[in-house]
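Overview (structure and organization)
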Amino acid sequence: MIVDNSERKNRLITYLFNYAFDNDIGYVFYKTNPRYPSLAWKWKREIAINMNWHNQDEVPFTIGHEIGHVMLGGPNTKQLCCIAYGTQIEEEKDADIYSLHLLYKYSCAQEDNFYDPLSWYSQ
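None of the values given here were measured: they were computed from a predicted structure.

Along the backbone of the chain there are four helices and three strands. Helices (α) and strands (β) of the chain occur, in sequence order from the N terminus, as α-β-β-β-α-α-α. Counting the 123 residues in the chain, one finds 29% classified as buried. Considering only residue pairs separated by 6 or more positions, the chain has 48% of its internal contacts joining residues 24 or more positions apart.

All right, on to helix 1 (residues 6-22) then. With 17 residues, helix 1 should reach 24 Å at 1.5 Å per residue; the first-to-last C-alpha distance of 24 Å fits that figure. Here helix 1 has its buried residues at Leu12, Ile13, Leu16, Phe17, Tyr19 and Ala20. Angular distribution of buried residues about the axis of helix 1 spans 150°; they occupy a single face of the element. Exposed and facing more than 90 degrees away from the buried side of helix 1 are Glu7, Phe21 and Asp22.

So, about the sheet that holds strand 2 (residues 39-41). Strand order across the open sheet formed by three strands is 1-3-2, with mixed pairing between neighbours. Looking at the sheet topology across the chains shown, the edges are occupied by strand 1 (26-30) and strand 2. On average, each strand axis in the sheet is inclined to that of its neighbour by 10°, with strand direction left out of account. Looking at chain direction, strand 1 and strand 3 (residues 46-50) are connected through five bridges and run parallel. Bridge pairing in strand 3 links Val28 to Ala48. Strand contacts of helix 2 (residues 59-72): strand 2 and strand 3, with the helix running at about 160° to strand 3, the strand carrying the most contacts.

What follows concerns the packing of aromatic side chains. Given two aromatic rings, their pairing is described by the distance between the two centres and the angle made by the two planes. Enumeration over the complete set of coordinates arrives at four aromatic pairs. Aromatic side chains Tyr15 and Tyr106 sit 4.8 Å apart centroid to centroid with 40° between the ring planes, which places their arrangement in the tilted category. Placement of Tyr15 in helix 1 and of Tyr106 in helix 4 (residues 90-109) is noted, with a sequence separation of 91 residues between them.

Following the sequence through the fold, Tyr19 ends up in helix 1. Looking at Tyr19, the relative accessible area reads 16%, which means it is buried. Between the alpha carbons of Tyr19 and Ile67 there is a distance of 8.7 Å; along the sequence they are 48 residues apart. Residues in contact with Tyr19, not counting those within four places in the same chain, are Ile67, Met71, Tyr98 and Leu102.

Side chains of Phe21, Tyr27 and Phe29 sit close together on the surface and give an oily, nonpolar patch of about 340 Å² of accessible area. Considering the arrangement of structural elements, one finds Phe21 in helix 1. You can call Phe21 exposed: its relative accessible area is 58%.

Now for the pairing of strand 3. Among the five residues in strand 3, four count as buried, and that is most of the element. Summarising the sheet, strand 2 and strand 3 pair through three bridges and their orientation is antiparallel. Its bridge partner lying in strand 3, Leu39 is registered against Ala48. Between strand 2 and strand 3, which pair antiparallel one after the other, the connecting turn spans four residues, and Arg45 there sits at a positive phi close to 55°.

Reading the values: rules and limits
- Residues numbered from 1 in each chain as written.
- Predicted model: local features only at pLDDT ≥ 70, side-chain atom pairs only at ≥ 80, totals over all residues.
- Heavy atoms only, no water.
- Helix = DSSP H or I, 4+ residues; strand = E, 2+ residues; numbered from the N terminus.
- Buried < 20%, exposed > 50% of the residue type's maximum accessible area, 1.4 Å probe, protein only.
- Contact = heavy atoms within 4.5 Å.
- Expected span 1.5 Å × (residues − 1).
- Arc of directions from axis to C-beta.
- Pairing = 2+ DSSP bridges.
- Axes fitted to C-alpha atoms, helices over the stretch in contact; angles between N-to-C directions.
- Phe/Tyr/Trp six-rings, centres within 6.5 Å; stacked < 30°, edge-to-face > 60°.
- Patch = residues over 30% accessible without salt bridge, like charges linked within 9 Å, V, L, I, M, F, W, Y side chains within 5 Å.
- Areas by Shrake-Rupley, 256 points an atom, 1.4 Å probe, with all protein chains shown as cover.
- Salt bridge = Lys/Arg side-chain N within 4 Å of Asp/Glu carboxyl O.

This is the structure:
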């Protein structure tokens, strides 16, 4: 059975862009090469999101990730050095965690809560 979650995903994307707006983060969304990454300019408090990303399921997480870069501040390490394939710098991990927190907060507000699978056995 195929489930169409596009409306739910669009509501999540709207929430994330509203979150950016409420936190004085400007944003641009565009469609380009599906492999061209989204970007954040911390000093300008702006993000640019490629809405044509090759894995559409990743777009909401990416929006939260780029918001995280702006909200966390700090130096633009990613833009100042080359990153070897397969390495992870702290700045990227922190932005990932920020995105996860945003998505979790949204999910809880929608009552799409995550439950501990072991809690079922203790009932």
